[in-house]
Amino acid sequence: MKPPGPGSIQFVLGARRQGFLSYVGSLWHQHGDLFQAKIGPRTLVFAMHPDAVERVAVSHRSNYDKLRSYDPVREFLLGDGLVSSTGDLWRRQRKWMAPFYTPKGVQTYAEAMLRDGERLVERWGDLAKRAAEVDIAEEMTFVTASIILKAMFSTETLDAIHQIKDAVETMIGFASNRMTSLPLPLWVPTGKNQKYLAARTLVHRLINEIIAQRRAMPESDWPDDLLSRMMNARDEETGQPMAESLLRDESITTFFAGHETTARTMTFAWYALAANPAVADELRAELDHVLGGRAPTVSDLRALPYTLQVVKESLRLYPAAPFYIRDAVGPDTLGGFEIPAGAGVMLSPYFTHRHPGFWEHPERFDPARWRKENESKQHAYAYHPFAAGPRICIGNNFSLLESHLLLAMLAQRFVPKLRTGYVPQWEMQGTLHLGNGLPMTITARD
Ligand code: HEM
């Protein structure tokens, strides 16, 4: 049996009228856990049940790959980096990169996280004196961009951080636009094409320069960052180093995948704390008790479980990656429905995390769900903010460490206050996004 769902025109109009997230939510209520939409000649299947996540991402993953759905990402943004590569190349790269991202491996970057966190504490201290309003989304994007650039390239200068950040953001906007519209070929000199090409040239040049500078130094002087580690890695079988173009693709991929998602998660956590004062009180009580006003270190984190629970609950209710897609290689059956070969299967952290069959009061922001005794009762695939299976986000430990540290540093000193009357406009723009930003006034705690 074919899955139920709207035709092409109905889907496009519905998504435009209602907004993508809200429209997909209404289709879920109407059709249940599996439904399809036609997008031109393509079939897009939405699968919300945790069992479908297990089948697509784990047990039947050989039938679900990153094929044509990822073409624009490969062509315009990430090349053969880890997010978009497939087959043997992906396997080899993942094996090379995995040791850099283990829970222990990511601790090397804690110093950069703490230094940038301190810089933000100082900045917010000044803002608090003036009771200034800022867009928290921008504050979080800048700090996470700065951290990932330090981790990758040991970049310290603010100017370089702004340059790379702005150019990669232009490339991201361009690539996601190509996925949702019918664009003109790249050789047509439209304003958008030219802006994209200029941004791509700049990013490639900056990264090539950093690699060349490093090659010109004795290896013993290379900084201990991700780029040096990638440049030092050798293929187990051939003994060959990573090709120059792959070094560049992996660098852009790490920057792309490694800052915006964490920035969004932190932004949504600030929103949730402002909207749930009892949670904010419990968080600050934990921070005061353990830290007593001093800055946290990595070894304090074990004693700050509630702080991490707040991050995990933000990732449940507001997952930065609300959907991820796989292309069905051959036909399959999901939830009793036929999935044709070539269909794009959309798995959705956003909706699985709100599934009433697996979450009590799913709309409630409740970090207590993440106490050990409660966590162990959950379905293994009801929570997948970082995807699942072998292609699970390689940076999940990095991101959790970063969010845990930053939240501890900032929440113990400041109470950002939401602008009166603010109503969040949740939007899907590749990642989950607040269309109207997050205007908050920074105030210091006593
Ligand atoms: C809250 C923060 C983050 C979220 C929600 C997140 C989410 C995800 C998701 C859902 C995927 C799967 C995408 C797909 O299969 O289509 C993914 C993959 C990936 N993420 Fe993250 N991510 C986060 C942070 C990071 C960080 C900090 C890094 C790097 C430092 C990173 C690097 C990657 C890479 C390289 C992949 C591809 C892995 C592979 O296919 O082998 N991510 N992420």
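Cut-offs and rules
Residues numbered from 1 in each chain as written. Predicted model: local features only at pLDDT ≥ 70, side-chain atom pairs only at ≥ 80, totals over all residues. Near = placed C-beta within 6 Å. Helix = DSSP H or I, 4+ residues; strand = E, 2+ residues; numbered from the N terminus. Nonpolar A, V, L, I, M, F, W, Y, C, P; charged D, E, K, R; others polar. Expected span 1.5 Å × (residues − 1). Buried ≥ 20, exposed ≤ 12 C-beta atoms within 10 Å, placed from the backbone. Arc of directions from axis to C-beta. Contact = placed C-beta atoms within 7 Å. Pairing = 2+ DSSP bridges. Axes fitted to C-alpha atoms, helices over the stretch in contact; angles between N-to-C directions. Left-handed = near helix turned anticlockwise from the far one by under 90°. Core = buried A, V, L, I, M, F, W, Y, C linked by C-beta atoms within 7 Å.

A. Representation of the site of the ligand within the structure. Taken together, 22 residues lie near the ligand, and Ala257, Gly258, Thr261, Cys393 and Gly395 sit nearest. Broken down by secondary-structure element, the contributors of at least two residues to the shell around the ligand are helix 11 (244-275) and helix 16 (396-411). The dominant element in the shell around the ligand, judged by the number of residues it contributes, is helix 11, at seven residues. Taken together, the residues of the shell around the ligand break down into 12 nonpolar, eight polar and two charged.

B. Local environment of helix 6 (residues 110-129). Taking 1.5 Å as the rise per residue, helix 6 with 20 residues should run 28 Å; its terminal C-alpha atoms sit 29 Å apart, in good agreement. Of the positions making up helix 6, those classed as buried are Ala112, Met113, Asp116, Gly117 and Trp124. Buried residues along helix 6 cover an arc of 125 degrees about the axis, so they all sit on one side. The exposed set on the far side of helix 6, more than 90 degrees from its buried face, consists of Glu111, Glu118, Glu122, Asp126 and Lys129. Those residues of helix 6 that are buried are in contact with helix 7 (136-153), helix 16, strand 9 (414-418) and strand 12 (439-444). In the segment just after helix 6, Ala131 is the residue with positive phi, at about 45 degrees.

C. Region of the structure containing the sheet that holds strand 2 (residues 42-47). Strands sit in the order 1-2-8-5-3 across an open sheet of five strands; the sheet is mixed. Pairing within the sheet leaves two strands with one partner each, and these edge strands are strand 1 (34-39) and strand 3 (64-65). In this sheet, strand 8 (residues 344-347) lies alongside strand 2 in parallel orientation, the contact comprising four bridges. What sits directly across from Phe46, in strand 8, is Met346. Against the sheet, helix 3 (residues 50-59) makes contact with strand 1, strand 2, strand 3, strand 5 (324-328) and strand 8, and its axis sits at roughly 125 degrees relative to strand 8, the strand it touches most.

D. Fine view of the packing of helix 9 (residues 191-215) against helix 11. Remark: helix 9 packs on helix 11, axes separated minimally by 10 Å, with the N-to-C direction vectors making an angle of 115 degrees. Along this stretch, helix 9 crosses helix 11, giving a crossing that reads as right-handed. Of the residues in helix 11, those touching helix 9 at Val203, His204, Ile207, Asn208 and Ile211 are Glu244, Leu247, Arg248, Ser251 and Ile252. Among the residues forming the contact of helix 9 with helix 11, the class breakdown is five nonpolar, three polar and two charged.

E. Structural view of the nonpolar core. The biggest cluster of nonpolar side chains holds 113 residues, and the ones touching the most others in it are Ala47, Val168, Met171, Val345 and Leu407. When neighbours within four sequence positions are excluded, Val168 is seen to be in contact with Val203, Ile252, Phe255 and Phe256.

F. Region of interest: the environment of Ala128. Inspection of the secondary structure puts Ala128 in helix 6. In this structure Ala128 touches Phe414, Ile442, Thr443 and Ala444, once residues within four positions along its chain are discounted.

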